[in-house]
Amino acid sequence: MIRIDALAAALGLDHAGDGALAIDRPRHPAEAAAGDLAIAMDPAMVPLLEQAPVRAAILPEGADWQGLGLAAAIFAPRPRYAMAGLTATFQHPLHAPEGVHPSAVVDPSAEIGEGVSIGPFVVIGPGARIGARARILSHAAIGAEAVLGDDALIHAGVRIGARATIGHRFICQPGAVIGGDGFSFVTLEPGAVEAAKARGASDVTGAAATIHVRIHSLGAVRIGDDVEVGANTTIDNGTLRDTSIGDGSKIDNQVQLGHNVVVGRHCLICAQTGVAGSTEIGDRVVLGGQVGVADHLSIGHDSLIAAGSGVGSRVPPRSVMMGVPAIKRDEFYRMTMAIRRLPRFMEKMRRGEG
Amino acid sequence: MIRIDALAAALGLDHAGDGALAIDRPRHPAEAAAGDLAIAMDPAMVPLLEQAPVRAAILPEGADWQGLGLAAAIFAPRPRYAMAGLTATFQHPLHAPEGVHPSAVVDPSAEIGEGVSIGPFVVIGPGARIGARARILSHAAIGAEAVLGDDALIHAGVRIGARATIGHRFICQPGAVIGGDGFSFVTLEPGAVEAAKARGASDVTGAAATIHVRIHSLGAVRIGDDVEVGANTTIDNGTLRDTSIGDGSKIDNQVQLGHNVVVGRHCLICAQTGVAGSTEIGDRVVLGGQVGVADHLSIGHDSLIAAGSGVGSRVPPRSVMMGVPAIKRDEFYRMTMAIRRLPRFMEKMRRGEG
Amino acid sequence: MIRIDALAAALGLDHAGDGALAIDRPRHPAEAAAGDLAIAMDPAMVPLLEQAPVRAAILPEGADWQGLGLAAAIFAPRPRYAMAGLTATFQHPLHAPEGVHPSAVVDPSAEIGEGVSIGPFVVIGPGARIGARARILSHAAIGAEAVLGDDALIHAGVRIGARATIGHRFICQPGAVIGGDGFSFVTLEPGAVEAAKARGASDVTGAAATIHVRIHSLGAVRIGDDVEVGANTTIDNGTLRDTSIGDGSKIDNQVQLGHNVVVGRHCLICAQTGVAGSTEIGDRVVLGGQVGVADHLSIGHDSLIAAGSGVGSRVPPRSVMMGVPAIKRDEFYRMTMAIRRLPRFMEKMRRGEG
């Protein structure tokens, strides 16, 4: 329970009506019960309040709270920012008691910071260093000589490979694998498929390669401060240098980052996107969901690659790209419109109607 | 070993020949040994029986079993339905002995139903409720206050987050993550990338956003009865409401469902498909493999989205959609045909042949 | 530390300069310190050596090592092959002490080979057979009656299902799931969606299917020798036969192989690719990243499917295919060029400029 006036103050927002009214929790207007605070900062949500049994809501600036029959209201001029504060205030406490669970296997040579929580069946390898107040939930494995900064939150079943170096305030969702071996092989004799690729041919001719010899990963993974990694995401070790992710970058679920990939600072990489080996991504880049980026490319700072795009060549800074292969957004739209008109256009041309 | 007449009766099918003949197990005609029952309900499979050493087979209705040299046959007018019964009859028993393995860490406040099997290294959090006869295999983690219905089958290494609510007869393949945090951030000042997206521009201009502030997930995941979730699939918690999946829906491997997504009843979602945050999917919808669906959309009841499609706008009920961006199936085929003819068409036009 | 002459001999390569010079480790030229061996076999890397403090490097054949101020050099006529030898020489030792960790749960009926390393919290089911010198890292689960060859390396959190049969020298990255149940269902009455698909209609009409009945997987997964499987990859059990992968095939992260899929020998399957049920892939096939292959197809020997392609029909041997749906590479390029020119072309035609 929190009072409307206290909550408004905590969020740095204005309120109106009965500031002493206490609310239980924030809730979607369609699901809010009498004691809840309905979240209707988006004007499209406001009409839902007419049916809702709530007495308090967060509303767009200037909304007619009294006309909606509310006893109190908070006003949010920047809705999503208010959401961040609101959800931080009400977030559920995590079940992660301080201390090392007796079932955990922590190598005696590992250095463990103060105030950590290490859950059941966690394994921490030799020479690993775990920062202060880290919370490592059940079944996680931290490899030999890995370094984890302060205030980390490692969810269940995360695998962090040997020699990974990770900054402060790292959040890693369940099942992520950081530090698998890179997918890199060489054939003893140049393969026919390799040759066809090099020639740009449409058919493969000649003797085929058979034996794939492994190129091992001597590098590891290096991650900056304030990074998040999503559930079941995979980030491979580098070959001669580290695969790396800059400060403040956020990575969603089921993302794949190949060996030697460099992700800059403050990037957003959405779910199921894959970046192939040795590609470098600048700062503040946004990759939508299910994007594919080929190997050995670069994507310039401040670029936006739309969901589902396939990037097959170098992207200059500040570009907005779409499609497979990805092209500039306006060119993509011109092309898409032309294609849509194509069947009728061909028909007309055939009839000589021009 | 089961007799042909008993098996036919169990499957509700007709048989012919020696009903007392006993068979070991059903098998693909190309791999069947003398004691096996060859499965050749598909007419294309029947010729394989000429080489097979088997004495019994399941055949299409009316097939000439004697001409094939068989001693007995079962007839299946609806092949795939017969397969369901057949594989249920012969399915391998699961190694999941009743009881709680001594290594499991079950919080004393958790309520555990009768007849459960809880495997090695399972963790069950405080306040969790596990239904009767649930089988929870090794290394699974069930979060605090999660509720799991009766007769659940939770495979190895599944992570179920705190406060998830799951119905009866839930089947969850290994490595699935239910209840990771949603991927939702807000920037302190509107970012240049955000602005370019809003403007529909092809270039990003102005000062770039740097700090991404997290919107926490206050909701959880709510799953109906008779749902299946595939291996390494990820389903995120909702923000203010629950991410939810309706009764009878089946979800394949490596599917990603973002925060607040609503999946209706009796849907099929194939492998590697991703649905972005807050999108609502109706009842009996089929999403093929590797489909992408953008955020805040709806897909109407009884729709079919073909494999590999990218859905970027609202889909009305009963639609069959294909392509990136997804369009109606007949329009897609017209467009595809036109594109295929385009190089020759352009050539002709250039030569003035119209 | 290793001497230049000894390293050159181990790699079967020529060297020049001070063979007695000892180096610490190979390193990317941009990151190499004074004691390192800079790896600059790619001519594009050579200029980086002018700034690097190193005294030794691996160079392209015939490079002017003295002009670069080096004290010693090794020459690599085939760079990637030299990389394989080099990374094998310097690979980090794995933390996997011989013996069975006291926390592991190994069924008494399992047969364990000589010289194995079985890590903390590993579970090995009844009747499983583990080959000599296998290294099974923490939290892995090996199902009942599974067979694993000699010299396996199973990383943390891998799940290998019951009755899987795996050859020698298997390497499996963290979080992979081998032997989940196939995604295969049948409806009691033919569904409206099924019917629309069969008709090729763009709209779904009639009564919709509701109940999906499961077809169980009676088969397992069969894997040859020298196979690698990537992190969080999923490979489902077969229905009546085994899903199978031939000798020497290498599979990257987050790949999905459906039930009954057959992968030939010496294939390379890149990250996030999915192959739907019952499709057969020949020998020496390369599937790029994020490829989708529909069910019940075949891809002929020695074919190359470019990244991001969607294969919707049978591919003959030795084909190079691209696009969605995938077509021959030269046809794809012709089409792509035509589409790019389309907006201008239409404009011209409209103006009657031909």
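Because the structure is predicted, anything quoted here is derived from the model rather than measured.

1. What about the interface of chain B and chain A?
Item 1. Counting residues at the interface gives 74 residues for chain B and 64 residues for chain A.
Item 2. Both sides of the chain B and chain A interface together cover about 5,600 Å² of buried area, and 61% of this is carbon and sulfur.
Item 3. Applying the counting rule to chain B against chain A returns two salt bridges.
Item 4. Salt-bridge contacts for Glu228(A) lead to Arg214(B); the nearest nitrogen and oxygen are separated by 2.6 Å.
Item 5. In this assembly, chain B and chain A are joined by 25 residue pairs in polar contact (both at pLDDT 80 or more).
Item 6. Considering every element that reaches the side of chain B that touches chain A, the biggest residue donor is helix α4 (residues 329-350) of chain B, with nine residues.

2. Observations regarding the UniProt feature "domain: Mannose-1-phosphate guanyltransferase C-terminal" (unreviewed entry) in chain A
Item 1. Under the local residue numbering, the UniProt record ascribes the feature "domain: Mannose-1-phosphate guanyltransferase C-terminal" (unreviewed entry) to residues 102-181 of chain A.
Item 2. Note that residues 102-181 of chain A is 0% helix and 35% strand, and that its end C-alpha atoms are spaced 31 Å apart.

3. Describing the UniProt feature "active site" (unreviewed entry) in chain A
All names here are of chain A.
Item 1. Those residues carrying the UniProt feature "active site" (unreviewed entry) are His 259 in this numbering.
Item 2. You can see His 259 is positioned in the loop between β29 (256-257) and β30 (262-263).
Item 3. Taking the relative accessible area as the measure of exposure, His 259 reaches 13% and is therefore buried.
Item 4. Ignoring any residue separated from it by four or fewer positions in sequence, one finds His 259 in contact with Gly 182, Phe 183, Ser 184, Asp 236, Asn 237, Gly 238, Thr 239, Thr 243, Gly 277 and Ser 278.

4. Considerations on the interface of chain A and chain C
Item 1. Chain A puts 74 residues into the contact, and the matching count from chain C is 63 residues.
Item 2. With both sides pooled, the region where chain A packs onto chain C buries about 5,600 Å², and carbon together with sulfur makes up 61% of that total.
Item 3. Of all residues in chain A, Phe183(A), Leu218(A) and Leu240(A) bury the most surface against chain C, accounting for 13% of the area lost on that side.
Item 4. The interface formed by chain A and chain C includes two salt bridges.
Item 5. With a closest N to O distance of 3.6 Å, Glu31(C) and Arg241(A) form a salt bridge.
Item 6. The tally of links from chain A across to chain C stands at 25 residue pairs in polar contact (both at pLDDT 80 or more).

So, how was this worked out
Residues numbered from 1 in each chain as written. Chains lettered and ligands numbered in written order. Predicted model: local features only at pLDDT ≥ 70, side-chain atom pairs only at ≥ 80, totals over all residues. Heavy atoms only, no water. Contact = heavy atoms within 4.5 Å. Buried area = accessible area lost by both parts, 1.4 Å probe. Salt bridge = Lys/Arg side-chain N within 4 Å of Asp/Glu carboxyl O. Polar contact = N/O pair within 3.5 Å; in protein donor to acceptor, adjacent residues only side chain to side chain. Helix = DSSP H or I, 4+ residues; strand = E, 2+ residues; numbered from the N terminus. UniProt positions renumbered as here; feature names shortened; annotations may be inferred. Buried < 20%, exposed > 50% of the residue type's maximum accessible area, 1.4 Å probe, protein only.

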